[in-house]
Every structure is written in structure tokens, then in C-alpha cells.
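# Understanding the architecture of this molecule
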Amino acid sequence: MKTLDSIDKTSMRDMTAKFPSMLRLDVFPESIRYEAEKVKLKGVGGICITGMGGSGIAGEICKALMADVSEIPIVSNREYSLPRHVTKEWVVIAVSYSGETEETLSAFDVARHRGCRTFALTTGGRLAVKADVKKTTTLPAGLQPRAALPVIFSGLLPLLELLIGTERSDLISIADALERLQPDWNGASLMPEELAAELQNKIPWFIGWKHLVPVAYRAKCQFNENSKIFASSSEIPEIYHNEIEGTLSCRNHPVSPVFLRSREEDEKTRNGFESAAAIFEENGCHPEHLNFRFDSRIEEALGFTMYLDRVSVMLAEILGVDPLSVERIAQLKRRLRD
Ligand code: F6R
């Protein structure tokens, strides 16, 4: 199995810096490809990716990336059970880095009970015991699950691409592009340390469109888990119909909107972002617009993720909190298990 030897697993900063190397691990073994091809030949009614927190987010991002491409439904599930429409014609992919997450284990049992074809991505635990070894991608161990996103992504995306019958993406070239991005962040208007300083004592509010919606959500989670602060995320164009009203209270609350701007924005979307920004400003709420130059949709989603992961770690350092530890998550998991 490919390893993570060069990564300092006691340092969240190092793990975020090694994002491209993790993507390069490319954990899509020949055996899984073979099994997935067999499943595909029998027909796939839909794909449900089930997983929580740092393990669930890869599914959310893949689902959004494939929304314009896949002719079969792809859903992401973060529950103990599965939606009723997930029947035996569906493929269920369970992702749990530890293999010990109650919700994921339970949803996996439901999938088995309904006769769905199942795959698993995990480092071990009870999920590895339950799952069919031939359809299990063994992830390299030792990371925090949220830091393992690029590794999980490198196993999940090719599996989905094969099941929906689309061309396989070249993740190695994308990893190379992300590597080149890091020194100067491709002319970004703000370096990660500058954005971290700006977000100090604020409630960051990440706002994305299309494939950057789950990336905004990922950023919210990283600021929760790494920086140990409240954060929020929303999506364009939905905010035009609700949160825009909430900006009236911006002068009383330290909310700091961060707009994730995509290379794919059409005129309508660009106009929507700009119009919303103008109303935010009128209400004393200054949005930061993050722009990068990326070559593809996948590169854009992962590049933004890598950048915002880094900002969340830098904010943790400014605030003097440990970005690695997740004591309260562990505490709650113990309570749910006992
Ligand atoms: C911890 C983290 C959490 C876990 C979640 C599910 O780094 O990101 O959000 O991912 O508690 O656990 P796993 O990933 O082991 O299924």
C-alpha cells in the first residue's frame, strides 16, 4: 500500500502543505477497478456516498463536480439510514477514515440489507470487517480524517468516474498544478496569512456557487475543527432569497463574508455575486472576493480547498489553539457509543 511516510502527522500545517502529495497517492487499485467494472456491467441505478465529517466531504465535492456530467443520480448521505429511493439497483459507497463511525456503519448495514452493491474506503475498524475485502480501498492510516481528504478523493473520484462511465481525470497533473500554486497562490488577492489575520475575532461566512458550494462547506468545517470557531457557509443563488435580509444585522455581528469566485461563472452568476456584494456593503458587511486562476473545475475545487485549509490552520496558530486535536468530537462519539 502507498504510504504517507514523508508527512509529519503531528502537524496539521504539514498535512495541509502536503495536500498535493496526498492527492498523488492515487489510491485506486486495479482490484477495485476490476470490481467496479463488473458492477457497472450489471447496470447502476444511482450512487449514494455515505460518510460523516471529514470523510463525508470528499463525496460532497465529487457529487458537485459530477452534477453536469452524470446521467444517473449521485447523492451524498450523512445519516444513520439511507433515503428510501436507494434501492438494490444502487451502488452505496461508505467512506469512514477510522472505520468506526456509528452513522456510516449503520447506513452500510442498511445498504446491505436492501441488497445494494457496496464499496468501502477506510483505514480499517469495523467497516473493514463488515465490507467485502475485494471492494474495499484501504486508505493509509495515521492522519486526521479531515486532513486525509486528498487521499480519499484520489480513491473516490476514479471509482465514481468508472461507475458513471466518464473519462478518468488525471489527478497527478492536478496535484502538480496544486504544488505549483503554493508559493505565491497564483496571484491571489490575499495570502493565506493575510486572510487568517482578517478573520481573527470574526465569524467567517463562506459563500460558493455550484462545485464551490461543498468547498465553502468544507471551509466552514475546517474553521470549526482546526481553528475552533463558529463559521458558516451558504450558496449562490439561494442567499438572494434569505440570508441577504440577515445582512441588516451585520453591523451588530462580526460576520465576515468570503465569496469563492469561480472561473466558470456565467454573466448571470457574476452579476448575482456583484449585486449581492453591493447590498452587503450597504449594510456595513465587507465581503472578501477570492479569485484564483485554475485550469479545470477539479483543480479549482481542490485549489480553493487547499488554500482555505491552510488559512484555517494559520488562524488556529494566531488564536493559540491546537488545530490537530478534536477532543469534543471524540467525547461525543464516546457518549454515543456507550
Ligand atoms: C476529524 C474529522 C471528523 C471525522 C468524523 C467521522 O478529523 O474530520 O469530522 O471525519 O468524525 O469520522 P471518520 O472520518 O473516521 O468516519
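Read on for a plain summary of the structure. Keep in mind that what you see is a predicted model, and the values were worked out from it rather than measured. (Residues numbered from 1 in each chain as written. Predicted model: local features only at pLDDT ≥ 70, side-chain atom pairs only at ≥ 80, totals over all residues. Heavy atoms only, no water.)

## Some points on the pairing of strand 3 (residues 90-96)
Side-chain positions along a regular strand alternate between the two faces of the sheet. Buried residues dominate strand 3, accounting for 7 of its 7 residues. Burial along strand 3 is two-sided: Trp-90, Val-92, Ala-94 and Ser-96 facing one way and Val-91, Ile-93 and Val-95 facing the other are all buried. Alignment of strand 1 (residues 46-50) against strand 3, held across 5 bridges, turns out to be parallel. What sits directly across from Ile-49, in strand 3, is Ile-93. Of the strand pairs in this sheet, strand 3 and strand 4 (residues 117-122) are connected by 6 bridges, and their pairing is parallel. Considered in strand 4, the bridge of Ser-96 is made with Thr-122. (Buried < 20%, exposed > 50% of the residue type's maximum accessible area, 1.4 Å probe, protein only. Helix = DSSP H or I, 4+ residues; strand = E, 2+ residues; numbered from the N terminus. Pairing = 2+ DSSP bridges.)

## Things to note about helix 5 (residues 102-114)
Its 13 residues place the ends of helix 5 19 Å apart at the C-alpha level, agreeing with the 18 Å of an ideal helix rising 1.5 Å per residue. Among the residues of helix 5, those classed as buried are Glu-103, Thr-104, Leu-105, Ala-107, Phe-108 and Ala-111. Lining the buried residues of helix 5 we find strand 1, strand 2 (74-77), strand 3, strand 4 and helix 6 (125-130). Remark: Gly-115 follows helix 5 within two positions and exhibits a positive phi of approximately 85°. (Expected span 1.5 Å × (residues − 1). Contact = heavy atoms within 4.5 Å.)

## So, the sheet that holds strand 5 (residues 136-138)
Across the sheet, which stays open at both edges, the 5 strands sit in the order 2-1-3-4-5 with parallel pairing between neighbours. Every interior strand has two partners, whereas the edge strands, strand 2 and strand 5, have only one. Shown here is a sheet whose adjacent strand axes are inclined to one another by a mean of 15°, direction ignored. As judged from the 3 bridges shared by strand 4 and strand 5, these two strands associate in the parallel manner. Directly across from Thr-122, in strand 5, lies its bridge partner Thr-138. Across the sheet, helix 7 (residues 149-164) is in contact with strand 1, strand 2, strand 3 and strand 4; its angle to strand 3 comes to roughly 175°. (Axes fitted to C-alpha atoms, helices over the stretch in contact; angles between N-to-C directions.)

## Comments concerning the site of the ligand
The ligand sits among 14 residues. The nearest are Ser-55, Ser-96, Thr-101, Gln-144 and Arg-146. Here an oxygen atom of the ligand sits 3.5 Å away from a polar atom, N or O, in the main chain of Pro-145. Glu-225 places a polar side-chain atom, nitrogen or oxygen, 3.0 Å from an oxygen atom of the ligand. A majority-of-atoms criterion places the ligand in the largest pocket. When residues of the shell around the ligand are traced back to their parent elements, those giving at least two are helix 4 (53-66) and helix 14 (327-337). (Near = heavy atom within 4 Å. Polar contact = N/O pair within 3.5 Å; in protein donor to acceptor, adjacent residues only side chain to side chain. 1 Å grid on protein atoms, 1.4 Å probe; cavity = no way out; pocket = protein on both sides within 12 Å on 5 of 7 lines; lining within 4 Å. Sits in = over half its atoms within 2 Å of the grid points.)

## Observations concerning the pairing of strand 1
Among the 5 residues of strand 1, 5 are classified as buried, and the element is accordingly described as predominantly covered. Here strand 1 shows a buried face lined by Gly-46, Cys-48 and Thr-50 and a second buried face lined by Ile-47 and Ile-49. When strand 1 meets strand 2, the two strands line up parallel, connected through 4 bridges. Each bridged residue has a counterpart across the sheet, and for Cys-48 the counterpart in strand 2 is Val-75. For the crossover that starts at strand 1, traverses helix 4 and ends in the parallel strand 2, the hand is right-handed. (Right-handed = clockwise from strand over helix to strand, strands pointing away.)

## Points about the pattern of salt bridges
Within the structure shown, the criterion is met by 22 salt bridges. Among the salt bridges present, the one from Arg-126 reaches Glu-100, with a minimum N-O distance of 2.6 Å. With Arg-126 in helix 6 and Glu-100 in the loop between strand 3 and helix 5, the pair connects residues that are 26 residues apart, well separated along the chain. Assessed through its relative accessible area of 33%, Arg-126 is described here as partly exposed. Taking the relative accessible area as the measure of exposure, Glu-100 reaches 29% and is therefore partly exposed. Among the ionic contacts, a cluster of salt bridges with common partners joins Asp-68, Lys-210, Arg-263, Glu-264 and Arg-297. (Salt bridge = Lys/Arg side-chain N within 4 Å of Asp/Glu carboxyl O.)

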